[in-house]
Amino acid sequence: MDTPIYDIAILGCGASGIAAGNKLLNNPSCNFVIFEGASRIGGRTFTDKIGRDIPVDMGGSWIHSNEVNPMAQDPAISGFQTSLDKEFPIYVYVNGKPLSSGDQIVKNFTHAKEGISPITDISAAEHLAEEEPIITDIGDLYFGNAASGKSLHTTSMQDESSTEPFGFGLLFKDGMGNFITSKAGKLFSEGKIQLNTTICEIDYSKRSVIKMQDIHGNAHYAKKIIVTASIGVLKGGLIRFMPELPESHLSALDALEMGNMEKFVFALDESFFEKRGITKNTNYMIIDEGQPPLFAHLRTAGNPTITVFTGGDVSKALISKGKFAAEKIILERLKTVFGDGFTPSLNAVDSSNWTQNPLTEGSYSGAKIGGHWARKALTAPVDQRIHLAGEAIAHSPNWYVHIYGAIASGEIAAEKALGTQSRSAKI
Ligand SMILES: Cc1cc2nc3c(=O)[nH]c(=O)nc-3n(C[C@H](O)[C@H](O)[C@H](O)COP(=O)(O)OP(=O)(O)OC[C@H]3O[C@@H](n4cnc5c(N)ncnc54)[C@H](O)[C@@H]3O)c2cc1C
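Treat the numbers as computed from the prediction; the structure is a model and nothing was measured.

J.: It is not clear to me how the overall build of the chain should be interpreted in this structure. Could you clarify?
T.: When helices and strands are tallied, the chain shows 14 helices and 22 strands. A compact globule built from 427 residues would reach a C-alpha radius of gyration of about 22 Å, and the chain, at 22 Å, matches this within 12%. Across its three principal axes, the chain shows a C-alpha extent of roughly 70 × 50 × 40 Å. Residues counted as buried form 55% of the 427 residues belonging to the chain. Nonlocal contacts in the chain, meaning residues at least 24 apart in sequence, comprise 71% of its contacts between residues at least 6 apart. For the chain, the exposed area adds up to about 18,000 Å²; of that, 52% sits on carbon and sulfur atoms. Both charge centroids of the chain, one from 39 positive and one from 47 negative side chains, sit 5 Å from each other.

Okay, here's the thing in structure tokens:
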């Protein structure tokens, strides 16, 4: 059988690739395919199961800012059980002791959030330089570890404050990963998705067709392509472009980098939460002398779990110790707050490693200091035939990084590739 020449090939079947594919399905004359390198779809939205089959999101989980997030208007959500995570308590523990004025300190932190200039860029470390140490620790969680997934000195205040806030919002009891992958039903049934197909070469030197090669040595052909691989993958060199991407795109990629947000999730018996009167989503900021501050989210979507978020240098140091050693370190830190009785069974612990995953090369994008401009620059197609899409690309200027940003970017890239772009890039 002859190798087909597709009208459009989509690289990657995460939130962005699925959204692009669904857009193309509306156009029956378009012959397209999605190449996914992994053995599953969903990319950086992935729901695992731990303990007694408790769903846990190891990647994206919240529909942040749900009052204004267009994703929250998706009618398909009504078929899923959701939990609104808005009015939540925050406890601050310092050296194992709850601060009696914990809530007040968190409120005092508000002033450290003010005065962020959307024009002049500085690092979060510089922004917090004058603050007392406890505010810097809380800021480390608020701007860095639990937000940008980067360390304070590499977190761009301009980039972080120009997208919608990562404040809490809507959660799926059965997991965001399951919600996103449920969107791919028709793409699967129509045979549009090819799993285990990592593209490692994109040759666009010929005008007539783009040739792609996968890691098994198979060649694939398309007239146009939509690349949703993370900027970590694009920067890491897994995909060789021939000719090289233009200087405009290379310098834009250089101005961005991947964060390293990782999750450590522990499933517990309901009695653990009942004993402590924790009935809904609750947050703990854990600050121990000589240790990096930790952010823990309890009862995510009402499930009996504790999720600890780490980012930047903290994640890198933990990962370098190996999965089980890293999980043990986090578990020991949680004991300072929850007591020695905090011992989830082995099958009830899970942790992510987006940092070392060759198909992600990190958690999500962040601008280097002064690099925010690059997100818009990457919306320009290469040679009118290669469209970059995904969370890092600011097709929707104030939703990059978010799952909705990835979805909108995929849809807009599909419209551009079809030549039917009707939608304003300003969402
Ligand atoms: C720990 C963590 C927590 C997060 N929390 C939230 C949250 O609460 N709310 C929120 O809105 N966002 C959150 N995010 C961000 C959100 O998950 C991402 O923005 C979104 O999932 C990215 O989707 P994407 O389609 O752009 O990229 P991806 O999901 O990475 O999809 C790209 C796909 O391309 C595939 N691929 C890569 N290279 C190749 C190749 N060479 N050939 C073929 N296939 C390839 C990958 O396997 C992947 O499936 C979080 C992310 C992480 C990691």
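J.: Help me out: how do you make sense of the sheet that holds strand β9 (residues 169-172) in this one?
T.: One key point about sheets: their strands pair by backbone hydrogen bonds, in either a parallel or an antiparallel sense. Spatially, β5-β9-β6 is the arrangement adopted by the three strands of the open sheet, whose pairing is antiparallel. Of all the strands in the sheet, just β5 (63-64) and β6 (82-84) have a single pairing partner and so form its edges. Pairing of β5 with β9, which is carried by two bridges, proceeds in the antiparallel orientation. Paired with H64 across the two strands is G169, which belongs to β9.

J.: Would you explain the site of the ligand in this entry?
T.: Around the ligand, a shell composed of 37 residues is seen, among which E36, R44, W62, V401 and I403 lie nearest. Residue E36 places a side-chain N or O atom 2.6 Å away from an oxygen atom belonging to the ligand. Contacts to the ligand include V401, whose backbone N or O atom sits 2.6 Å from an oxygen atom. Here the ligand, which alone exposes 1,000 Å², has 98% of that area covered by the protein. Mapped onto the shell around the ligand, the elements with two or more residues apiece are α1 (15-25) and α14 (403-418). Classifying every residue of the shell around the ligand gives 17 nonpolar, 17 polar and three charged.

J.: Hey, could you run me through the environment of E262 in this one?
T.: Tracing the backbone through its elements, the reader meets E262 in strand β16 (residues 262-267). A relative accessible area of 0% means that E262 is categorised as buried. It is 8.2 Å that separates the C-alpha atoms of E262 and G59, two residues lying 203 residues apart in sequence. A distance of 3.3 Å separates a polar atom in the side chain of E262 from the backbone nitrogen of N353.

J.: Would you mind going over the pattern of salt bridges with me for this structure?
T.: Once their charged atoms are close, side chains differing in charge can pair, the charge on each being opposite to the other. Across all of its chains, the model carries 18 salt bridges by this definition. Salt-bridge contacts for K183 lead to D74; the nearest nitrogen and oxygen are separated by 2.5 Å. Of this pair, K183 sits in the loop between α6 (176-181) and α7 (185-189) while D74 sits in the loop between β5 and β6, placing them 109 residues apart in sequence. For K183, a relative accessible area of 27% translates into the label partly exposed. Here D159 makes a salt bridge to R375, at a shortest N to O gap of 2.8 Å. Linking D159 in helix α5 (residues 157-162) with R375 in helix α13 (residues 374-377), this pair joins segments that are 216 residues apart in sequence. The network of salt bridges with common partners includes R207, D383 and R385.

J.: How do you make sense of the side chain of H64 when you look at a structure like this?
T.: Relative to the helices and strands, H64 is located in strand β5. Among the residues examined, H64 registers a relative accessible area of 13% and is labelled buried. Filtering out sequence-adjacent residues up to four positions away, H64 remains in contact with N69, P165, F166, G167, F168, W399 and H402.

J.: Would you mind going over the pairing of strand β4 (residues 54-57) with me for this structure?
T.: Along a regular strand, successive side chains alternate from one face of the sheet to the other. Here β4 shows two buried faces, one formed by I54 and V56 and the other by P55 and D57. Of the strand pairs in this sheet, strand β3 (residues 47-50) and β4 are connected by four bridges, and their pairing is antiparallel. Bridge assignment links D48 to a residue of β4, and that residue is V56. Between β3 and the antiparallel strand that follows it, β4, lie three residues; G51 among them carries a positive phi value of about 55°.

J.: Hey, could you run me through the nonpolar core in this one?
T.: Nonpolar side chains in soluble globular proteins tend to end up buried together. Ranked by size, the top nonpolar core spans 35 residues in total, and within it F32, M71, I180 and I226 carry the most contacts. Going through the elements one at a time, β1 (5-11), α1, β2 (32-35), β9, α6 and α14 are the ones with two or more residues in this core. Per-element tally for this core: the top contributor is α14, with eight residues. Setting aside residues up to four positions removed in sequence, I180 forms contacts with A15, I18, T45, M71, I403 and I407. Residues L256, M258, A367 and I393 belong to the second largest nonpolar core, which totals 33 residues.

Reading the values: the criteria
- Residues numbered from 1 in each chain as written.
- Predicted model: local features only at pLDDT ≥ 70, side-chain atom pairs only at ≥ 80, totals over all residues.
- Heavy atoms only, no water.
- Helix = DSSP H or I, 4+ residues; strand = E, 2+ residues; numbered from the N terminus.
- Rg over C-alpha atoms; globule rule 2.2 N^0.38 Å.
- Buried < 20%, exposed > 50% of the residue type's maximum accessible area, 1.4 Å probe, protein only.
- Contact = heavy atoms within 4.5 Å.
- Areas by Shrake-Rupley, 256 points an atom, 1.4 Å probe, with all protein chains shown as cover.
- Lys, Arg positive; Asp, Glu negative; His and termini not counted.
- Charge placed at Lys NZ, Arg CZ, Asp CG, Glu CD.
- Pairing = 2+ DSSP bridges.
- Near = heavy atom within 4 Å.
- Polar contact = N/O pair within 3.5 Å; in protein donor to acceptor, adjacent residues only side chain to side chain.
- Nonpolar A, V, L, I, M, F, W, Y, C, P; charged D, E, K, R; others polar.
- Salt bridge = Lys/Arg side-chain N within 4 Å of Asp/Glu carboxyl O.
- Core = buried A, V, L, I, M, F, W, Y, C linked by side-chain atoms within 4.5 Å.

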